[in-house]
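This is what each chain is made of:
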Amino acid sequence: MIIMDGKKLADKLQEEIAQEVGFLSKQGIIPSLAVILVGNDAASQTYVTMKAQACKKVGITSILHEMPANITQTDLMTMIENLNQNSNIDGILIQLPLPNHIDTNVILESVLPSKDVDGFHTQNSGKLHSGISGFVPATPLGIMSLLKHYAIEIQGKNVVIVGASNIVGKPLSALMLNAGATISICHIHTKDLSLYTKKADIICVAVGKPNLITSDMIKQGAVIIDIGINRLENGKIVGDVDFANVAPLSSMITPVPGGVGPMTIVSLLQNTLKSAQCRLQNHKNK
């Protein structure tokens, strides 16, 4: 059994990103990410801080726009439009969740697809499902990078994805399908989850429920990608997999923390870099 070290790989990729950022800087392009944080959700503030630190580490400029929880949808869209028009901004990230009075879909659609480094705009989503190059959501992109690094074959494999969110489950299923896997997507309405997981070569779980995947639900040698993040009453951070009992049966497994999480952050940096590279190319073409 191999524990897939997402932190180690993320550190390596950050070094590569920093080198490319340095190259762009010499060309007069400073990669820049604008982050919009609405309200004072503690978890969101933590994530934003982590993203800002990662940007600083590789030389990407990170600009945080903190907005009050009672901001109107119109004012928020005005801010986004100003960032859309700012040629020095390569990426725009809307930290989710947004307050209930704001229509999240409308806000995400208001970001220019060319600056949508989260990959949530329907134009980027459509490209992903069509196998066309665009921005891919950071967590699924990070998972695919992790699988590639550990030389895990996807083509022809049975892949079960537990969780059908627009942020993880659905885009991950498209990436797996594009890579030649046979996909099963399970969710809260799935009648017998183990019926699917027992046959899976690769299980990816992103639900937010500790110990959802137990040792009797997997086959020997399965690859387990745990995307869940849960804080127990004692403060310990765990995933959705019963790690202690599932790990010995698996061939490879991601830990929580230190698995998918760091890969999500570095994938966001890769998307921002990609946008900055497009900006440089556009300058050259003028």
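Being a predicted model, the structure only gives us computed values, none of them experimental. Throughout this description, residue numbers start from 1 for each chain and increase along the sequence as written. Thresholds applied to this predicted model are a pLDDT of at least 70 for local features of residues and 80 or more for the giving and counting of side-chain atom pairs; totals over whole chains, interfaces and linings are not thresholded and use all residues. Heavy atoms from the whole structure form the basis of all side-chain values; hydrogens and water molecules are not counted.

### Observations concerning the side chain of His121
Working step 1: Turning to its location among the elements, His121 is positioned in the loop between helix 4 (104–109) and helix 5 (122–129).
Working step 2: N or O atoms within 3.5 Å of each other form a polar contact, as long as, within protein, one can give a hydrogen and the other can take it, and as long as residues adjacent in sequence are counted only when both atoms are side-chain atoms. At 3.2 Å, the side chain of His121 and the backbone oxygen of Glu109 are in polar contact.
Working step 3: For this analysis, residues touch if any pair of their heavy atoms sits within 4.5 Å. With residues up to four places along the chain from it excluded, the contact list for His121 reads Leu108, Glu109, Val111, Pro113 and Asp116. Runs of E in the DSSP output that reach at least two residues are strands. Runs of H or I that reach at least four are helices, and both are numbered from the N terminus.

### Some points on the nonpolar core
Working step 1: Residues belong to one nonpolar core when they are buried, are Ala, Val, Leu, Ile, Met, Phe, Trp, Tyr or Cys, and are joined through side-chain atoms within 4.5 Å. Buried, partly exposed and exposed residues are distinguished by accessible area as a fraction of the type maximum, computed with a 1.4 Å probe on protein chains only: under 20%, between the cut-offs, and over 50%, respectively. Among the nonpolar cores identified, the biggest contains 53 residues, and Met4, Leu147, Met176 and Ile225 are the most heavily contacted of them.
Working step 2: For this core, the element with the highest residue contribution is helix 10 (residues 260–285), accounting for 9 residues.
Working step 3: Where each domain starts and ends comes from a domain assignment, either automatic or drawn from a database. Composition of this core by domain shows at least three residues from each of domain 1 (28–114) and domain 2 (138–261).
Working step 4: Once residues lying within four places of it in the same chain are set aside, the contact partners of Met176 are Met144, Leu147, Ile154, Val159, Ile161, Ala181, Ile183 and Cys204.
Working step 5: Listed in part, the 18 residues of the second largest apolar core include Leu76, Ile80, Ile92 and Ile94.

### A look at the sheet that holds strand 8 (residues 223–226)
Working step 1: Pairing between strands is defined by DSSP: at least two bridges between them are needed. Read from one edge to the other, the open sheet built from 6 strands follows the order 1-11-8-7-5-6, with strand pairing classed as parallel. At either margin of the open sheet sits one strand with a lone partner, and together these are strand 1 (2–3) and strand 6 (182–186).
Working step 2: Alignment of strand 8 against strand 11 (residues 252–253), held across 2 bridges, turns out to be parallel. In the strand pairing of strand 11, Ile224 is matched with Ile253.
Working step 3: Orientation is described by lines fitted to C-alpha atoms, with helices fitted over the stretch in contact, and by angles between N-to-C directions that extend from 0 to 180 degrees. Running at roughly 170° to strand 5 (residues 158–162), helix 7 (residues 169–178) makes contact with strand 5, strand 6 and strand 7 (202–205) of the sheet.

### Concerning the UniProt feature "domain: Tetrahydrofolate dehydrogenase/cyclohydrolase NAD(P)-binding" (unreviewed entry) in the chain
Working step 1: In this numbering, the UniProt entry assigns the feature "domain: Tetrahydrofolate dehydrogenase/cyclohydrolase NAD(P)-binding" (unreviewed entry) to residues 137–277.
Working step 2: Along residues 137–277, the helical share is 35% and the strand share 17%, with 18 Å between the first and last C-alpha atoms. UniProt positions are given in the numbering used here, feature names are shortened, and annotations may be inferred rather than shown by experiment.

### A short note on the pattern of salt bridges
Working step 1: Put simply, a salt bridge is a Lys or Arg side-chain nitrogen that is within 4 Å of an Asp or Glu carboxyl oxygen. Taken as a whole and judged by the stated rule, the model has 5 salt bridges.
Working step 2: Here Lys12 and Glu16 are joined by a salt bridge, their closest N and O atoms 3.2 Å apart. Taken together, the residues Lys12 and Glu16, both in helix 1 (residues 6–26) and 4 residues apart, mark about one turn of the helix.
Working step 3: Glu16 sits in the partly exposed class, given a relative accessible area of 41%.
Working step 4: Among the ionic pairs, Lys219 bridges to Asp201, the shortest N-O distance being 2.7 Å. Residue Lys219 is located in the loop between strand 7 and strand 8, and its partner Asp201 is located in the loop between helix 8 (193–197) and strand 7; the two are separated by 18 residues in the primary sequence.

### Points about unusual backbone geometry
Residues other than glycine predominantly adopt negative phi, and peptide bonds predominantly adopt the trans conformation.
Working step 1: In this structure, Pro97 follows Leu96 across a cis peptide bond, with omega equal to 5°.
Working step 2: Residue Ala151 is not a glycine yet carries a positive backbone phi of 55°.
Working step 3: Among the secondary structure elements, Ala151 is positioned in the loop between helix 6 (138–149) and strand 5.
Working step 4: In this structure Ala151 comes out as exposed when scored by relative accessible area, which is 69%.

### What to know about the environment of Ala174
Working step 1: Mapped onto the elements, Ala174 comes out in helix 7.
Working step 2: Judged by relative accessible area, which is 5%, Ala174 ranks as buried.
Working step 3: Once the C-alpha coordinates of Ala174 and Leu128 are considered, the two residues, 46 residues apart in sequence, prove to be 6.8 Å apart.
Working step 4: Ignoring anything within four residues of it in the chain, the contact list for Ala174 reads Leu128 and His129.

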